Amino acid sequence: MKSRGRGIRNTIRMGTDKKTVTSEMEEKKLEKDDRLSKRLCYILRYGALKEGLKLYHGDFVELDQLLELELMRHNSKEEVIHEVDISLSHRNAKRFERKEENGKIYVRACFCRNFEENPCHEGSRVPRLTESCVQYICTNLNDYDLEDFPDEHLVSKMIQKMKKQSKLNSAALRQLLVPVLEHLDLSGVYVTESTLRLVWRNCPNLRVLSLKDCGYLMTDSVMEQLVKKLPHLESLSLCACKHLTDRAAKALCKHAKNLRELNLSWISTISEAAIIDLMTNCPQLVFLDIYDHNISKDGRSIIADIARQRKMKIVLKGLTDLEIAPENPCSLLPNFGKVW
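Residues numbered from 1 in each chain as written. Predicted model: local features only at pLDDT ≥ 70, side-chain atom pairs only at ≥ 80, totals over all residues. Heavy atoms only, no water.

### A word on the nonpolar core
Phase 1 of the analysis: Core analysis: the largest hydrophobic core is formed by 70 residues, its most contacted members being Met-218, Met-223, Leu-238, Leu-252 and Leu-262.
Phase 2 of the analysis: Listed by contribution, the elements that provide at least two residues to this core are α4 (129–139), α5 (152–164), α6 (170–176), α7 (193–202), α8 (220–229), α9 (246–255), α10 (272–281) and α11 (297–310).
Phase 3 of the analysis: Leaving out residues up to four positions away in the same chain, Met-218 has contacts with Leu-196, Leu-211, Met-223, Leu-226, Leu-238, Cys-241, His-243 and Leu-244.
Phase 4 of the analysis: Ile-43, Leu-53, Leu-66 and Val-107 belong to the second-largest nonpolar core, a separate cluster that totals 21 residues. (Core = buried A, V, L, I, M, F, W, Y, C linked by side-chain atoms within 4.5 Å. Buried < 20%, exposed > 50% of the residue type's maximum accessible area, 1.4 Å probe, protein only. Helix = DSSP H or I, 4+ residues; strand = E, 2+ residues; numbered from the N terminus. Contact = heavy atoms within 4.5 Å.)

The structure is reproduced here in structure tokens:
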């Protein structure tokens, strides 16, 4: 009996061990798939040119060239094609797509394509002169006065470079926030209220501004000052600025008369009524992202009617009417804060 009991326990233990091994294998596969998805997002949204790939019409990349990159050495062609076919964003939208032409497979990201320039001369590791100059200025920023500098593109390039290097602090922004700027992306950057005051004081002509993930700072009172001081804003992302309420929405209605694109996703503190007021009272508004908002059935009907009358595009979870909803709910995200 004891022998039989030990046999049963051993059988149970073996079964448990098999389940554990299977679970570990599944976890490892998920981790590998996640790493592949992140690599593809980087290359097909931002890094293709930087990594030396050729972009074809529509920002497609040849799959065979993609697989030659050092970044992709751990993945097979079949794995990449599978990931391209099945990968979905948190909004349940396809991240990638592929096509076949003349016997070759091409892939691209479906949204958020904003490619960085290759910092080196083609086919070499020799930095371009512009890249070297911009890096030198960023390294010695305190030695330069950029207030009257006329080239927005180069100032924006400095801002993006320092942002990627995690050096875009308040001191750097004091030097870089200059009147020539019309586009500014501060998404994910730690900024203070004094820095925001510099934004509206030094950059009065801003048309595009992204404050995504600046929720720790963005309050109703700050928002009121911002829209008063920046009357030319056309595109504004407040994604995940979770302290904003209906008071901020009222400020937008009152002052943001040129606003065309507004992202209010990941904010649950702005009411359905305030959103309807925004749609009614912002005369130039043509695109509104409220994907995560909890809107009632009646509210959805009102929003849809206003959108049809105004020929607006609305991003709202579950809204599928292509007359007023984009086919891909992520397709217009790069408009927010896109600098060049």
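Continuing now.
### Looking at the confidence of the model for the protein
One rule of thumb: low pLDDT means the predicted coordinates there are not for detailed reading.
Phase 1 of the analysis: When pLDDT is averaged along the protein, the result is 89, and 87% of the positions lie at 70 or above.
Phase 2 of the analysis: Predicted confidence for residues 334–340 stays below pLDDT 50, and this span has 27 contacts to residues more than four positions away or in other chains. (pLDDT = per-residue confidence, 0-100.)

### Examining the pairing of strand β2 (residues 96–101)
For a regular strand, side chains alternate in direction, first toward one face of the sheet and then toward the other.
Phase 1 of the analysis: Note that β2 and strand β3 (residues 104–109) share six bridges and pair antiparallel. Among the inter-strand pairings, Phe-96 is bridged to a residue of β3, identified as Ala-109.
Phase 2 of the analysis: Hairpin connection, β2 to β3: the antiparallel pair is bridged by two residues, and Asn-102 has positive phi, about 50°. (Pairing = 2+ DSSP bridges.)

### Notes on the sheet that holds strand β7 (residues 261–263)
Phase 1 of the analysis: With parallel pairing, six strands are arranged side by side in an open sheet as β4-β5-β6-β7-β8-β9. The outermost strands of the open sheet, each flanked by one partner alone, are β4 (183–185) and β9 (313–315). Adjacent strand axes in the sheet meet at a mean angle of 5°, parallel and antiparallel pairs treated alike.
Phase 2 of the analysis: The pairing of β7 with strand β8 (residues 287–289) spans three bridges and is classified as parallel. Within the sheet, the bridge partner assigned to Glu-261 lies in β8 and is Phe-287. (Axes fitted to C-alpha atoms, helices over the stretch in contact; angles between N-to-C directions.)

### Observations regarding the sheet that holds strand β1 (residues 61–62)
Phase 1 of the analysis: The sheet built from three strands is open, its strands ordered β1-β3-β2 with antiparallel pairing. Single-partner strands in this sheet number two, and they are β1 and β2.
Phase 2 of the analysis: Docked against the sheet, helix α3 (residues 77–86) engages β2 and β3, running at close to 120° with respect to β2.

### What to know about unusual backbone geometry
Phase 1 of the analysis: Despite not being glycine, Ser-166 shows a phi value in the positive range, around 60°.
Phase 2 of the analysis: Within the secondary structure, Ser-166 sits in the loop between α5 and α6.
Phase 3 of the analysis: For Ser-166, a relative accessible area of 69% puts it in the exposed group.
Phase 4 of the analysis: In this structure, Asp-213 takes a positive phi of about 65° despite not being glycine.
Phase 5 of the analysis: Considering the arrangement of structural elements, one finds Asp-213 in the loop between β5 (208–210) and α8.

### A short note on the pattern of salt bridges
Oppositely charged side chains can pair when the atoms bearing their charge come close.
Phase 1 of the analysis: With the rule as written, the count across this model stands at 24 salt bridges.
Phase 2 of the analysis: Of the charged contacts in the structure, one is a salt bridge between Lys-161 and Glu-131, with a shortest N-O distance of 2.4 Å. On the criterion of sequence distance, the pair formed by Lys-161 in helix α5 and Glu-131 in helix α4 is long-range, its members being 30 residues apart. Here the two residues Lys-161 and Glu-131 agree in accessibility, since each one is buried.
Phase 3 of the analysis: Of the charged contacts, one joins Arg-308 and Asp-305 as a salt bridge, the two residues approaching to 3.5 Å between their closest N and O atoms. Taken together, the residues span about one helical turn, with Arg-308 and Asp-305 both in helix α11 at a distance of three residues.
Phase 4 of the analysis: Its relative accessible area of 38% is what places Asp-305 among the partly exposed residues.
Phase 5 of the analysis: Each of Glu-117, Glu-131, Lys-157 and Lys-161 takes part in one network of salt bridges that share partners. (Salt bridge = Lys/Arg side-chain N within 4 Å of Asp/Glu carboxyl O.)

### Re the packing of aromatic side chains
Phase 1 of the analysis: In the structure shown here, the tally under the stated rule is two aromatic pairs.
Phase 2 of the analysis: With 5.2 Å between their ring centres and 70° between their planes, Tyr-56 and Tyr-106 make a pair best called edge-to-face. Here Tyr-106 lies in strand β3 and Tyr-56 lies in the loop between α1 (2–47) and β1, a separation of 50 residues in the sequence.
Phase 3 of the analysis: Residue Tyr-106 is classed as buried on the basis of its relative accessible area, which comes to 10%.
Phase 4 of the analysis: Above the ring of Phe-60, the side-chain terminus of Lys-99 is found at 4.3 Å from the ring centroid. (Phe/Tyr/Trp six-rings, centres within 6.5 Å; stacked < 30°, edge-to-face > 60°. Lys NZ or Arg CZ within 6 Å of the ring centre and 35° of its normal.)

### Digging into α9
Think of an α-helix as 3.6 residues a turn; residues three or four steps apart then line up on the same face.
Phase 1 of the analysis: All of the buried residues in α9 are Ala-248, Ala-249, Ala-251, Leu-252 and Cys-253.
Phase 2 of the analysis: Looking at the buried residues of α9, the elements they touch are α8, β6 (235–237), β7 and α10.

### Comments concerning the side chain of His-183
Phase 1 of the analysis: Structurally, the position occupied by His-183 is in strand β4.
Phase 2 of the analysis: For His-183, the side chain forms a polar contact with the side chain of Glu-152, separated by 2.8 Å. (Polar contact = N/O pair within 3.5 Å; in protein donor to acceptor, adjacent residues only side chain to side chain.)

### Considering the environment of Leu-66
Phase 1 of the analysis: Take Leu-66: it is sitting in helix α2 (residues 63–67).
Phase 2 of the analysis: If near-sequence neighbours (up to four positions away) are discounted, Leu-66 is found in contact with Leu-40, Ile-43, Leu-53, Val-61, Met-72, Val-80 and Val-107.

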